[in-house]
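Chains, contacts and geometry: an overview
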Amino acid sequence: LDFIADRSGHSLGLRRVIFSLGLLVGFSWERAFDVGFEQHISHHAGPTSSFRHILPLVLALFVLPAWKQYILPHTSPVAGMHAAMTTVSADIAARTRSNSGQHSPASR
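Computed from a predicted model, the values in this text were never measured in an experiment. (Residues numbered from 1 in each chain as written. Predicted model: local features only at pLDDT ≥ 70, side-chain atom pairs only at ≥ 80, totals over all residues. Heavy atoms only, no water.)

Our next topic: the overall build of the protein. Helix and strand counts for the protein stand at four helices and zero strands. Of all intrachain contacts in the protein linking residues separated by at least 6 positions in sequence, the fraction that spans at least 24 positions is 19%. As presented, the protein carries roughly 9,000 Å² of accessible surface, and 69% of it is formed by carbon and sulfur atoms. (Helix = DSSP H or I, 4+ residues; strand = E, 2+ residues; numbered from the N terminus. Contact = heavy atoms within 4.5 Å. Areas by Shrake-Rupley, 256 points an atom, 1.4 Å probe, with all protein chains shown as cover.)

Structure follows, in structure tokens:
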């Protein structure tokens, strides 16, 4: 979808779909981890077990270094907002030019 959004005149709508799908996948993964964790705790430890507190710490020890190494370098605190604003600005500029009779760079 990102490839199509880069080359189509409907990039704002497609970018919203991409963002929505990413959010959906994120919530699905969160729910899957939550259910798996609760099932593991209920079968292997009691509700008052300290294992309930240790397992998330062990998971964080593995996930956070990978996140820091592979994902964090490709982002910045404002990277997502900047990309969205740039896309919206380009769409508005292209529509303004096409409405005023000029050809937009995207339509060439």
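Next comes the rest of the description.
It is worth spelling out the packing of aromatic side chains at this point. Taken as a whole and assessed by the stated rule, the structure comprises one aromatic pair. Here the aromatic rings of tryptophan 29 and phenylalanine 33 are separated by 5.7 Å at their centres, their planes lie at 35°, and the arrangement is tilted. With a gap of four residues between them, tryptophan 29 and phenylalanine 33 both fall in helix α2 (residues 11-44), about one helical turn apart. (Phe/Tyr/Trp six-rings, centres within 6.5 Å; stacked < 30°, edge-to-face > 60°.)

With 20 residues, helix α3 (residues 51-70) extends 29 Å between its outermost C-alpha atoms, agreeing within 8% with the 28 Å of an ideal straight helix rising 1.5 Å per residue. The sharpest bend along α3 comes to roughly 25°, located at alanine 60. (Expected span 1.5 Å × (residues − 1). Bend = angle between axes of the 7 residues up to and from the residue.)

Averaged over the protein, the pLDDT score is 75; the fraction of residues at 70 or greater is 69%. Ranking the helices and strands of the protein by mean pLDDT puts α2 first, with 86, and helix α4 (residues 79-99) last, with 64. (pLDDT = per-residue confidence, 0-100.)

Along an α-helix, residues three or four positions apart point the same way, because every turn accommodates 3.6 residues. A rise of 1.5 Å per residue sets the reference length of α2, with its 34 residues, at 50 Å; its end C-alpha atoms lie 49 Å apart and thus fit the reference within 8%. Three or more residues of α2 are buried, namely Ser11, Leu14, Phe37 and Ile41. (Buried < 20%, exposed > 50% of the residue type's maximum accessible area, 1.4 Å probe, protein only.)

Time to look at the packing of α2 against α3. Where α2 meets α3, the closest approach of the two axes is 11 Å, and the angle between their N-to-C directions is 140°. The angle between α2 and α3 falls in the class oblique. Here α2 and α3 pass one another in a crossing that is right-handed. Contact with α2, carried on its side by Phe37, Glu38, His40 and Ile41, involves Phe51, Arg52, Leu55 and Pro56 of α3 and no other residues of that element. For the contact of α2 with α3, the residue count by class is five nonpolar, one polar and two charged. (Axes fitted to C-alpha atoms, helices over the stretch in contact; angles between N-to-C directions. Parallel < 35°, antiparallel > 145°, perpendicular 65-115°, else oblique. Left-handed = near helix turned anticlockwise from the far one by under 90°. Nonpolar A, V, L, I, M, F, W, Y, C, P; charged D, E, K, R; others polar.)

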